[in-house]
Amino acid sequence: MYDQVFYRDLNKEYIVAERAKGIYIYDVDGKKYIDGSGGACVVNIGHSVPEVIKAMHNQAKKVSYVHGSHFTTKAAMQFAERIVEMTPSEDLNRVYFVSGGSEAVETSLKLARQYWDELGEYTKFKVISRWGSYHGTSMGALALGGHTSRRRHFQPLIQHTPHIFPCYCYRCPFGKNKRTCDLECADSLERTIKYEGPDSISAFIAEPVVGATAGAVVPKEGYWARIKEICEKYNILLIADEVMVGIGRTGKNFCIEHWGVVPDIIVTAKGLSGGYTPVGAVIVKQKIHDLIRDKSGQFVHGLTFSQNPLSMAVGSEVLKYIKDHNLVSRSAELGDFFLKKLKELKGLDYVGDVRGLGLFAGIEFVKNKKTKETFNTGIKFSKKVAAEAFRNGLITYPGAGGVDGVKGDHILLCPPYIIEKEEICEMVDILKKSIKKVAKIV
Ligand code: PLP
């Protein structure tokens, strides 16, 4: 068939997906794949859930589109209410809707800046973020991201903002180990704030557990509490990027809850609609919302598809489904089993680290397990593993550059929360077979 789609990988022959049900996707030839990464960590309640399809249909029959400057809808109000119900604090109670993760991050940056501006703190505009992170593909989000390969082509177009090193215990950027660690990575935020000038900093943004760029890197206990303390000390807004890890993925409604920290802003997307429609949300503390309401009365921002009724109805139904089926607790319980099973792979050649939280896990591959030396980038180890697993009927989410922005190989695994234990075992068997096969040819 003549195909005019501009694809992501311009040299790849894409398989045509025909239908999907539960944790499975079927291609046009009827081959079945386990959606072991929920696409890009999106599919959480499974594919083709009848209740969600019905909600989409019902909303389409009523009203599919109104512009956010003209109307609100019952669907939007109900969705916001269900999101707020899930937040870790009563204060986090206003929701700005967008169409995805990058838009949510962009929105949070502008919101933070407008907040300080309206307060008369005109010098506060810089946003500090971390190396080795991902916050999206649009220019503001890309500037905050810390993935060198993804930034390289666009360097002249992006703003240069301060970045600190991540909390990455397997490869501590400060050369520490479990015994000697004193959370230097968190303290480096304070040092950077001082060098940049506290009066110039608007916000600090980070993923509570690093996803796409490093492969489920879980911070050390105490890290987030220290970060929060520093933000409060210097009057800086804390933004948790929960685009990937929010909505139950790590076994809590929002991932940052694992450490008892309440941020000022949470950005989320992906699992917010379980993949049924594009949607994202910026959840803000009441004080931010109220200040803007009482000062200028308008957040100077807006997107044509914000609050589009179809996404609102669908997202709302997805959250209802998660609640009705206790899927967040299921993600926590199954997560322990999942990680235990995945750790069986640690004995294989080239498997350096297996880590994660809830149903969010990463496997980091290394050429030398003792020295943690990485593969040459040309080998594309993680892509090869993902391609082999795909041939064997398992979808994973490969990544590279987690070590220094260029080097490093990992895959992410984040199956739908409805997966069964036997299916997890099948995933691990396929992975084992696929890693062994690739190990033979590199
Ligand atoms: N933030 C994080 C943590 C992400 O993982 C992603 C996407 O992977 C984004 C932001 C950007 O989201 P989107 O691709 O929906 O624009």
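So, a few notes on the structure that sits alongside this text. On a predicted model such as this, the values are computed, not experimentally measured, just so you know. (Residues numbered from 1 in each chain as written. Predicted model: local features only at pLDDT ≥ 70, side-chain atom pairs only at ≥ 80, totals over all residues. Heavy atoms only, no water.)

With respect to the sheet that holds strand E4 (residues 92-98)
Inference 1: Taken in spatial order, the seven strands make up an open sheet running E4-E10-E9-E8-E7-E5-E6, and their pairing is mixed. A strand with exactly one partner marks an edge of an open sheet, and here the two such strands are E4 and strand E6 (163-164).
Inference 2: Two strands pair when backbone bridges link them, and strand E9 (residues 265-268) and strand E10 (residues 280-285) are joined in this way by four bridges, in the antiparallel orientation. Across the sheet, residue Ile265 finds its bridge partner in E10, namely Val284. (Pairing = 2+ DSSP bridges. Helix = DSSP H or I, 4+ residues; strand = E, 2+ residues; numbered from the N terminus.)

Here we look at the side chain of Arg151
Inference 1: Tracing the backbone through its elements, the reader meets Arg151 in helix H6 (residues 148-152).
Inference 2: Buried and unpaired, Arg151 has no salt bridge, with Glu106 as the nearest side chain of opposite charge at 11 Å.
Inference 3: What Arg151 contacts, discounting residues up to four positions off in sequence, is Trp131, Leu142, Ala143, Leu144, Gly145, Gly146, Ile158, His160 and His163. (Buried < 20%, exposed > 50% of the residue type's maximum accessible area, 1.4 Å probe, protein only. Lys, Arg positive; Asp, Glu negative; His and termini not counted. Salt bridge = Lys/Arg side-chain N within 4 Å of Asp/Glu carboxyl O. Contact = heavy atoms within 4.5 Å.)

What to know about the site of the ligand
Inference 1: Taken together, the neighbourhood of the ligand is formed by Gly100, Gly101, Ser102, Tyr134, His135, Gly136, Glu207, Asp241, Val243, Met244 and Lys270.
Inference 2: In this structure, Ser102 approaches the ligand through a side-chain N or O atom, which is 2.6 Å from an oxygen atom.
Inference 3: At a separation of 2.8 Å, a nitrogen atom of the ligand approaches a polar side-chain atom of Asp241.
Inference 4: Protein burial of the ligand: of its 390 Å² of free accessible surface, 83% is covered by the chains.
Inference 5: The residue makeup of the shell around the ligand, split by class, is three nonpolar, five polar and three charged. (Near = heavy atom within 4 Å. Polar contact = N/O pair within 3.5 Å; in protein donor to acceptor, adjacent residues only side chain to side chain. Areas by Shrake-Rupley, 256 points an atom, 1.4 Å probe, with all protein chains shown as cover. Nonpolar A, V, L, I, M, F, W, Y, C, P; charged D, E, K, R; others polar.)

Overview of the nonpolar core
Inference 1: Ile45, Ile83, Leu342, Ile363 and Phe365 are the most contacted members of the largest nonpolar core, which totals 63 residues.
Inference 2: The dominant element in this core, judged by the number of residues it contributes, is helix H13 (residues 421-441), at eight residues.
Inference 3: Built from parts of two domains, this core gets at least three residues from each of domain 1 (17-48 + 326-439) and domain 2 (53-324).
Inference 4: With near-sequence residues (within four places) excluded, Ile83 lies in contact with Val95, Phe97, Leu272, Ala281, Ile283 and Leu319. (Core = buried A, V, L, I, M, F, W, Y, C linked by side-chain atoms within 4.5 Å. Domains from an automatic or database assignment.)

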